[in-house]
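# Summary of structural features
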Amino acid sequence: DDFGSGVGYGLGDANSFAIKNATFINGRTKVVNLTVGNIPVDITINQRGALATVVFMEEANTVVGKNHLFKRSVLLVKAFLRVESGHYASNRQCILDSKRGMLSTYAMNVMLIYLFNEDSHGTALEHPFDVLRAFLKTFSLWRWDSAVLTIEGPAPIRNGRGRSTVDSTILSTDSKATQAQTSA
């Protein structure tokens, strides 16, 4: 028996893993962009920040626990934002595409960590679909013109002199009413 004959069983033929659209970007961070099958892949080397991100995400997954709920949620939310979100956007672009000025994967991860931090008792988020629902509910009501998001929560947008350009109302009225109902 050929040792490699069973590798990829059930994953399709070799043509489904064809490499297409390979480009090299010779910038400060050298990147190779390519598509394997239908999956976009970016390859970089010697990027300490990227390694720190991997360690940070692994730590978040460990803290959340629940049979890798964080990682499973990242996969589901990323798939939704990459594949489905364009159907709901007015410009028909997917929401997860930093090359076009949309969300980056890192921004999505921060948004997910925020959701898990908000679920401090660990009871509302038990399944990746719970996380997707919370993601859509929370960030569809978010007042993006009033606040930025950190893993610790919202921070008001400030002008150059350190003064807040908006009041401290960060979530919309609908979101506050929803939060009040769920906490009662």
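Rules of the game
- Residues numbered from 1 in each chain as written.
- Predicted model: local features only at pLDDT ≥ 70, side-chain atom pairs only at ≥ 80, totals over all residues.
- Heavy atoms only, no water.
- Phe/Tyr/Trp six-rings, centres within 6.5 Å; stacked < 30°, edge-to-face > 60°.
- Helix = DSSP H or I, 4+ residues; strand = E, 2+ residues; numbered from the N terminus.
- Buried < 20%, exposed > 50% of the residue type's maximum accessible area, 1.4 Å probe, protein only.
- Axes fitted to C-alpha atoms, helices over the stretch in contact; angles between N-to-C directions.
- Parallel < 35°, antiparallel > 145°, perpendicular 65-115°, else oblique.
- Left-handed = near helix turned anticlockwise from the far one by under 90°.
- Contact = heavy atoms within 4.5 Å.
- Nonpolar A, V, L, I, M, F, W, Y, C, P; charged D, E, K, R; others polar.
- Expected span 1.5 Å × (residues − 1).
- 1 Å grid on protein atoms, 1.4 Å probe; cavity = no way out; pocket = protein on both sides within 12 Å on 5 of 7 lines; lining within 4 Å.
- Points joined across faces, edges and corners; volume = space filled by probe spheres on them.
- pLDDT = per-residue confidence, 0-100.
- Salt bridge = Lys/Arg side-chain N within 4 Å of Asp/Glu carboxyl O.
- Pairing = 2+ DSSP bridges.

Quick look at the packing of aromatic side chains now. Taken as a whole and judged by the stated rule, the model has seven aromatic pairs. Between the aromatic rings of Phe-70 and Phe-116, the centroid separation amounts to 5.9 Å while the plane-to-plane angle is 65 degrees, which identifies the pairing as edge-to-face. A residue pair is termed long-range when its members are at least 10 positions apart, and Phe-70 in helix H2 (residues 69-84) and Phe-116 in helix H3 (residues 105-118) qualify at 46 residues. Judged by centre distance (5.8 Å) and plane angle (50 degrees), the rings of Phe-139 and Trp-142 are tilted. For Phe-139, a relative accessible area of 8% gives the class buried.

Here Trp-142 lies in the loop between helix H4 (128-140) and strand E4 (147-150). Judged by relative accessible area, Trp-142 falls into the buried class, the value being 5%.

Looking now at the packing of H2 against H4. Packing of H2 against H4 brings their axes to within 8 Å, and their N-to-C directions diverge by 55 degrees. By the angle between their directions, the pair H2 and H4 is classed as oblique. Along this stretch, H2 crosses H4, giving a crossing that reads as right-handed. Along its contact with H2, which presents Leu-69, Arg-72, Ser-73, Leu-76, Val-77, Phe-80 and Leu-81, the element H4 presents Pro-128, Phe-129, Val-131, Leu-132, Phe-135 and Leu-136. Of the residues assigned to the contact of H2 with H4, the class counts are 11 nonpolar, one polar and one charged.

End to end, H4 covers 18 Å across 13 residues, agreeing with the expected 18 Å (1.5 Å per residue, within 8%). Buried within H4 are the following residues: Pro-128, Asp-130, Val-131, Leu-132, Ala-134, Phe-135 and Phe-139. Here the buried face of H4 lies against H2, H3 and E4.

This brings us to the layout of surface pockets. Empty pockets left among the atoms are what a rolling probe the size of a water molecule brings to light. When its volume is computed, the largest pocket comes out at roughly 1400 Å³. Elements represented by at least two residues in the lining of the largest pocket include exactly strand E2 (30-36), strand E3 (39-44), helix H1 (48-64), H2 and H3. Of the residues that constitute the lining of the largest pocket, the class distribution is 19 nonpolar, 13 polar and eight charged.

Take the confidence of the model for the protein next. Caution applies to low-pLDDT regions: their predicted coordinates should not be interpreted in detail. Averaged over every residue, the pLDDT of the protein is 79; residues scoring 70 or more account for 78%. Across the protein, the element-wise mean pLDDT spans from 43 in helix H5 (residues 173-183) up to 94 in H4. Note that pLDDT drops below 50 for residues 1-10; the model gives that stretch zero contacts with residues more than four away or on any other chain. Note on residues 163-184: pLDDT is under 50 here. Beyond four places in sequence and across chains, it has 29 contacts.

Our next topic: the pattern of salt bridges. Counted by the stated rule, this structure contains five salt bridges. We note a salt bridge from Lys-71 to Glu-58, for which the minimum N-O separation is 2.8 Å. Pair noted here: Lys-71 is in helix H2 and Glu-58 is in helix H1, with a separation of 13 residues, a long-range link. By relative accessible area, Glu-58 is classed as partly exposed at 35%.

What follows concerns the sheet that holds strand E1 (residues 19-26). Judged by pairing direction, the sheet is antiparallel, and its three strands sit side by side in the order E1-E2-E3 without closing on themselves. The open sheet is flanked by E1 and E3, the only strands paired with a single partner. On average, adjacent strands in this sheet sit at an angle of 15 degrees to one another, irrespective of strand direction. Bridge analysis of E1 against E2 gives six bridges, and the strand direction is antiparallel. The residue bridging Thr-23 from the neighbouring strand is Asn-33, located in E2.

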